[in-house]
Amino acid sequence: MPNVLVFAEARGGELRKVALEAVTAARRVADQVGGDVHVVLVGAPGIAGRASALAEYGADLVVVSEHPGFANYAPEATTAFVAERVKGGDYRAVIFSASQQGKDLAPRTAARLQQAIATDVTSFEVGADAVTVTHPGYTGKVVQTLRLVGTPAIVSLRPGAVSPVAKAGAGRTESVPPSMDPAAGRVVVTETILGDTKTLDLGEAPVIISGGRGLKAAEHFKLVEDLAAAFGNAAVGATRAVTDEGWRPHSDQIGQTGRLVSPDLYVALGISGAIQHLAGMRTSKCIVAINKDKEAPIFKVADYGIVGDVFDVVPALTAAVQQARQSSN
Amino acid sequence: MKIAVCIKRVPEMDVTFKIAPTGKAVDETGLKWDMSDFDGYAVEAALQLTEKAGTGEVHVISLGPDVVQETLRKALSMGVAKAVQLKCDTVPFDAYAIGTALAAELKDGGYDLIMFGKMSIDGANGVTQFVVAELLGLPLVHACSKLEIADGKGSARREIEGGGELVSFALPAIVSIDEGIARPRYPSLKGIMAAKRKPLEVRPAQLGEVRLTIETMELPPPRAAGRIIGEGAAAVPELVALLQNEAKVL
Ligand SMILES: Cc1cc2nc3c(=O)[nH]c(=O)nc-3n(C[C@H](O)[C@H](O)[C@H](O)COP(=O)(O)OP(=O)(O)OC[C@H]3O[C@@H](n4cnc5c(N)ncnc54)[C@H](O)[C@@H]3O)c2cc1C
Ligand SMILES: Nc1ncnc2c1ncn2[C@@H]1O[C@H](COP(=O)(O)O)[C@@H](O)[C@H]1O
């Protein structure tokens, strides 16, 4: 029977939301082809405790590998482990998340197995003789439908493309040692640096508040952070002008050469709306722009625009959002 | 230090694309072309590494029809020593097909470092470098936003959600380059003149088997035109009402 294999991403001993998204997608495909969902979970000792959460979202079997060397991402040992699982089973598809880690692990695994891979897909369908996926290209200006020949098809799923839906699977677990020592790779992650873990990641936040050069100085990003805090479910983004100035880290950059995001709400503060910035956020469901120049191109894509000075409008907006959320609670 | 950089020729993105009559490609009429963004960063980073070391040279490779020679010449005018075109009529979409040809060219080149962009800006796959690494049996660090080479070893930083990973690796190796390392220099007039005399070799591409194909290409649905609701802080109450009642995001 054809099954579906999923790699569940964890960090710091916790599952990431993208892991539940990937399992949800796999459950749907498995139900369609009449197979089981098998999940690979690797991590430092203790990670096995997370298997039950995967079962709630549809895992029939969770294959767990615990090793202290899996505390940091171990690209080579993880690839070896996943590739071995793929070869040892009958899989129609192998699903990864197109997270920063999955963008590394998925193509490594595909190259090892010499199988076709489609990355960063927004949807996929398993047909009788091929898997077809949609994959945005040309900085999101074109949507490509791709056809993968061969079994298993390997895909990485864009974060946020599927919402996690609880649907219990059989939830058996099996513990398997790593196939190579995670600390012995030729490429070794010596340290994982985590910023403020209280703030949401750009790929996961339903709301993104982004600041541009109009903020004028690093310390004024307090305005952006305060508005994000008022929403409560928001992450902070930036333009390249801002990351070049060093006001925010490069990891906050949204656009053609930064992160591609698609939140429910994107608020652009003091951002002109250069084509390279729009490339990273134009698929957001609702866009708000605040800019003092009424001719700024950002207004062409903004559902709601306010012409005004960020130093006036943003504090007022922060207060109004706080109030709106208090009265709705 | 001997470095190779794989570069792809891509259309400039600041246009509204049209779909070709085949329905499987963009209409190329009137498009301008350049080196893919991240590949440009990789060329610059490679040049800076050899300049810092005071020794070594950088080669570039591009797979495609004769028009890629223009992109290769640009790299030569930036300061690259030698260029190779792996010639084929059309560039396949499949990274395995392309990577096979690149690996055959790179195999006996004696490179200490082979560099790629983290992904091509048109295809947006981010896969080719992994195929080459696997075929050549070399370690690979993907999406480096910082890179240092010293004493025959490399160290890099990769961006992850809300942080970064510090990575150490052995040479020879493959690295792919993310935003943050270097912006490509503009070729100088002297560089452009010198490039005309630099070697540009042309060999047939030994493409691998194709397993991933484009079925259709479409333009995403257009966004409705934007609307300005007012000026200054006075417009805030209306914005909040719209976010609550119309967009339902608050
Ligand atoms: C190859 C390449 C790749 C690129 N990749 C990216 C990318 O990934 N992401 C990205 O963002 N950019 C990218 N860029 C850069 C891009 O072209 C723009 O330069 C950049 O997005 C501009 O950032 P900005 O909007 O913050 O600044 P600006 O364009 O300078 O705009 C600042 C805006 O703030 C407004 N403003 C000023 N003061 C105030 C105030 N007090 N109140 C309200 N509004 C105010 C101004 O009217 C203006 O519209 C790339 C460029 C190239 C060439
Ligand atoms: N036709 C090509 N010629 C040379 N290098 C290429 C070509 N296509 C892709 N590459 C390299 O592989 C990287 C990843 O491309 P892709 O897998 O298409 O996203 C690019 O950034 C280039 O460094």
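What you see is a predicted model; the values in this text were computed from it and never measured.

Thresholds, definitions, all that
Residues numbered from 1 in each chain as written. Chains lettered and ligands numbered in written order. Predicted model: local features only at pLDDT ≥ 70, side-chain atom pairs only at ≥ 80, totals over all residues. Heavy atoms only, no water. Near = heavy atom within 4 Å. Polar contact = N/O pair within 3.5 Å; in protein donor to acceptor, adjacent residues only side chain to side chain. Areas by Shrake-Rupley, 256 points an atom, 1.4 Å probe, with all protein chains shown as cover. 1 Å grid on protein atoms, 1.4 Å probe; cavity = no way out; pocket = protein on both sides within 12 Å on 5 of 7 lines; lining within 4 Å. Sits in = over half its atoms within 2 Å of the grid points. Helix = DSSP H or I, 4+ residues; strand = E, 2+ residues; numbered from the N terminus. Nonpolar A, V, L, I, M, F, W, Y, C, P; charged D, E, K, R; others polar. Domains from an automatic or database assignment. Contact = heavy atoms within 4.5 Å. Buried area = accessible area lost by both parts, 1.4 Å probe. Salt bridge = Lys/Arg side-chain N within 4 Å of Asp/Glu carboxyl O.

Enquirer: Provide a residue-level description of the site of ligand 2, including the pertinent values.
Expert: Residues and elements named next belong to chain B. Inspection of the region around ligand 2 gives 18 residues, with Cys6, Asp39, Ser120, Gly126 and Thr128 positioned closest. In this structure, Gly126 approaches ligand 2 through a main-chain N or O atom, which is 2.6 Å from an oxygen atom. In the model, an oxygen atom of ligand 2 is placed 3.0 Å from a nitrogen or oxygen of the Val127 main chain. Contact with the protein chains removes 99% of the 480 Å² of surface that ligand 2 exposes when unbound. At a threshold of 2 Å from the grid points, most atoms of ligand 2 map onto the largest cavity. The element best represented in the shell around ligand 2 is strand S4 (residues 57-64), accounting for three residues. Its residues placed into classes, the shell around ligand 2 shows nine nonpolar, seven polar and two charged.

Enquirer: I'd love a proper account of the domain arrangement of chain A, names of residues and values included.
Expert: All names here are of chain A. The assigned domain composition of chain A is domain 1 (3-184) and domain 2 (207-328). Between the C-alpha centres of domain 1 and domain 2 there is a distance of 33 Å. Contact with domain 1, which involves four residues of that partner, is made by five residues of domain 2. Here domain 1 meets domain 2 over a buried area of about 440 Å², counting both sides, of which 59% is carbon and sulfur. The three residues of domain 1 that bury the most area against domain 2 are Thr139, Lys141 and Arg158, which together make up 80% of that side's buried surface. If you look at where domain 1 meets domain 2, you find zero salt bridges. At the junction of domain 1 with domain 2, the criterion picks out zero residue pairs in polar contact (both at pLDDT 80 or more). Grouping the amino acids of the side of domain 1 that touches domain 2 by side-chain chemistry returns no nonpolar, one polar and three charged.

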